[in-house]
Amino acid sequence: MEQKRDTLLWIGLTVASALLAIEPIRWLAISWRDPSYQSYGAIYCVVLVVLVGLSLKSSPPQGPSVAGRVFVLFLFAAVIRLAGQFLAINILSALALSLDVFAIAIVLRLERRKFALSPIWMAIFFLFALPLAPILERVAGFPLQMMSADVACAMLSPFFNNLICEGVRLQLNGVDVMVDLPCSGATGLLLMVSLWTFLNVIYRPRMRSAFGAGVLVLVLSVFGNALRISFLAGGLGVGIDTMEPVLHNAIGLFTLMVSAIPLLVFYRPKAKPAPVIRANVRALPKVLHVPVVLIACAAALAIVNAPKRPMDLSAPVVAAQMPRQLLGAMAQPIELSATEKAYFTAYGGHAQKVQYGPMGVNIVRTTSPLRHLHSPETCLLGMGYSVRFLGTRYDPLPSSIYEATGPDGRVWTVAVSFVSDDGQQTASVGEAVWSWLSGASHSWQSVQRVTLKSLPEQDRISFEHAALAALDL
């Protein structure tokens, strides 16, 4: 009878956990397939599966029941999943999956096998399966830009006497170089931290040693990105086109290797002994098995059906007054897609698309830029375009410039600027979000101008100036 109750307990906890995990797993799988997320998370999951497979080759050690610990983990996961469901934040719901990874490692006793793995570091390593890079760029991209620009300025100053450093803008030998959002180092930082986490999964260090190395990883990441920017800016300053894709990528790989080598060579922490689990402390009393199963399943059903009440809805915003014509080209409003309409209905904000002859103008207005604003790259990649960032232009408005090649082979030039209600202007969505988070600016709008690359440059400039003037920008 007791064995049947044990079986019932594990079946119940498994079913309840699966109910909580279905929707986050579905969203996570979409983020791996959808190019707009720019995620390589599936690779991290494959690495975890391989590590688990290697660890399971050794026979499982004997030990007391871990059902009590698993139930506690389920409760924590349920709270996180409830928060994600209630706030309508997919990535928050997906965070609960890391606790599932931790629970699986505990149940399989991976920390006590011959090829031992750390459950807590496995859970942390799983987080890199989430699409973290775009979020990190938007939330912390601007301070990372500033930090990298300051360090790069210090590196370049001994070699360029006429170097001028103004925030994220560097000028050397008359060449204007912008430490743009893609140069913030967010991707390199995540790669370095994921490498550090992977090593901790295998080495199982004490927390003091691990976090000491973590501080070093952060320093190496900033140094490596600043070194990359120094090579890119220095090359441009002496007439070398370091923005050419092959050279640009080679410089990025080289500086990433320079950052990673010290960690790979010198980080050899001693393993922390596996914890001793005492049966009289950890075991879940048999009499609680049925109530626990009922509570877990009821909680899971309630959570997945909980109503969504996002807190970051945009307040009502006034639609932009679009001109009726630009340089003789009449305005032709473009209807939003069904997905776009549903999104702005659910989360507020306002979007407009208007075509003026050879130029398309897209405007999004919101008081919640973290929810609504992003670089054009996000949408274009999701629509099947290949996108290349060309740089930043300051005249007539700070703008990030992209080249987008559509599935039909046509090539477009996309310029985007972000403008706040108090007149702040920037080419970086990271700076816009950072300003909003700090309370400096309440309402923001993105102004996107799209033209065929084949359009004569003077015509493009004329249409862009006319559009910005008509919008009082």
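Above this text you will find the structure in question.
### Considering the packing of aromatic side chains
Two numbers describe a pair of aromatic rings. These are the distance of the centres and the angle of the planes.
Item 1. Counting across every chain of the model gives 14 aromatic pairs.
Item 2. Between Trp27 and Tyr37 the ring centres are 5.9 Å apart and the planes differ by 85 degrees, which places this aromatic pair in the edge-to-face class. One end of the pair, Trp27, is in helix 1 (residues 2-33); the other, Tyr37, is in the loop between helix 1 and helix 2 (41-55), with ten residues separating them in the sequence.
Item 3. Given the relative accessible area of 8%, Trp27 is considered buried.
Item 4. Tyr37 gets classed as partly exposed once you look at its relative accessible area, which sits at 24%.
Item 5. With a centroid separation of 6.0 Å and an interplanar angle of 50 degrees, the aromatic rings of Phe125 and Phe198 are classed as tilted. Remark: Phe198 occurs in helix 7 (residues 186-203) and Phe125 occurs in helix 5 (residues 119-126); sequence separation between them is 73 residues.
Item 6. Residue class for Phe198 comes out partly exposed when judged on its relative accessible area of 24%.
Item 7. Three or more aromatic residues link up through ring pairs in this structure, and these residues are Tyr44, Phe125, Phe128 and Phe198.
Item 8. The ring of Tyr394 is capped by Arg169, whose NZ or CZ atom sits 3.7 Å from the centre of that ring.
Item 9. Above the ring of Tyr347, the side-chain terminus of Arg371 is found at 4.1 Å from the ring centroid.

### Section: helix 2
Item 1. The end-to-end C-alpha distance of helix 2 is 22 Å, a good match for the 21 Å that 15 residues give at a rise of 1.5 Å each.
Item 2. Every buried residue of helix 2 is accounted for by Gly41, Tyr44, Cys45, Leu48, Leu51, Val52 and Ser55. Viewed along the axis of helix 2, the buried residues span an arc of 120 degrees, placing them on a single side of the element. Those residues of helix 2 that are exposed and aimed more than 90 degrees away from the buried face are Ile43, Val46 and Val49.

### Quick look at the state of the cysteines
Item 1. Enumeration over the complete set of coordinates arrives at one disulfide.
Item 2. Shown here is the disulfide that connects Cys153 with Cys165, its sulfur atoms set 1.8 Å apart. Torsion about the S-S bond of the Cys153 and Cys165 cystine: about 95 degrees, corresponding to right-handed handedness. Of this pair, Cys153 sits in helix 6 (residues 132-156) while Cys165 sits in strand 1 (residues 164-166), placing them twelve residues apart in sequence.
Item 3. For Cys153, a relative accessible area of 17% puts it in the buried group.
Item 4. Judged by its relative accessible area of 32%, Cys165 falls in the partly exposed class.

### Topic: the sheet that holds strand 2 (residues 169-172)
Item 1. In spatial order, the strands read 1-2-3; together these three strands make up an open sheet with antiparallel pairing. Of all strands in the sheet, those with a lone pairing partner are strand 1 and strand 3 (175-178), marking the two edges. Between one strand axis and the next, the sheet turns by 20 degrees as a mean value, whatever way the strands run.
Item 2. Examined bridge by bridge, strand 1 and strand 2 share three bridges and lie antiparallel to one another. Residue pairing for strand 2: Cys165 is matched across the bridge by Leu170.

### A word on the packing of helix 2 against helix 7
Item 1. Two numbers describe how helix 2 lies on helix 7: the axes approach to 12 Å, and their chain directions differ by 10 degrees. Taken together, helix 2 and helix 7 sit at an angle that is classed as roughly parallel. Between helix 2, through Tyr44, Val47 and Leu51, and helix 7, the contact on the second element is made entirely by Leu191, Ser194, Phe198 and Val201.
Item 2. Residues of the contact of helix 2 with helix 7, tallied by class, amount to six nonpolar, one polar and no charged.

What counts, and where the lines are drawn
Residues numbered from 1 in each chain as written. Predicted model: local features only at pLDDT ≥ 70, side-chain atom pairs only at ≥ 80, totals over all residues. Heavy atoms only, no water. Phe/Tyr/Trp six-rings, centres within 6.5 Å; stacked < 30°, edge-to-face > 60°. Helix = DSSP H or I, 4+ residues; strand = E, 2+ residues; numbered from the N terminus. Buried < 20%, exposed > 50% of the residue type's maximum accessible area, 1.4 Å probe, protein only. Lys NZ or Arg CZ within 6 Å of the ring centre and 35° of its normal. Expected span 1.5 Å × (residues − 1). Arc of directions from axis to C-beta. Disulfide = S-S within 2.5 Å. Pairing = 2+ DSSP bridges. Axes fitted to C-alpha atoms, helices over the stretch in contact; angles between N-to-C directions. Parallel < 35°, antiparallel > 145°, perpendicular 65-115°, else oblique. Contact = heavy atoms within 4.5 Å. Nonpolar A, V, L, I, M, F, W, Y, C, P; charged D, E, K, R; others polar.

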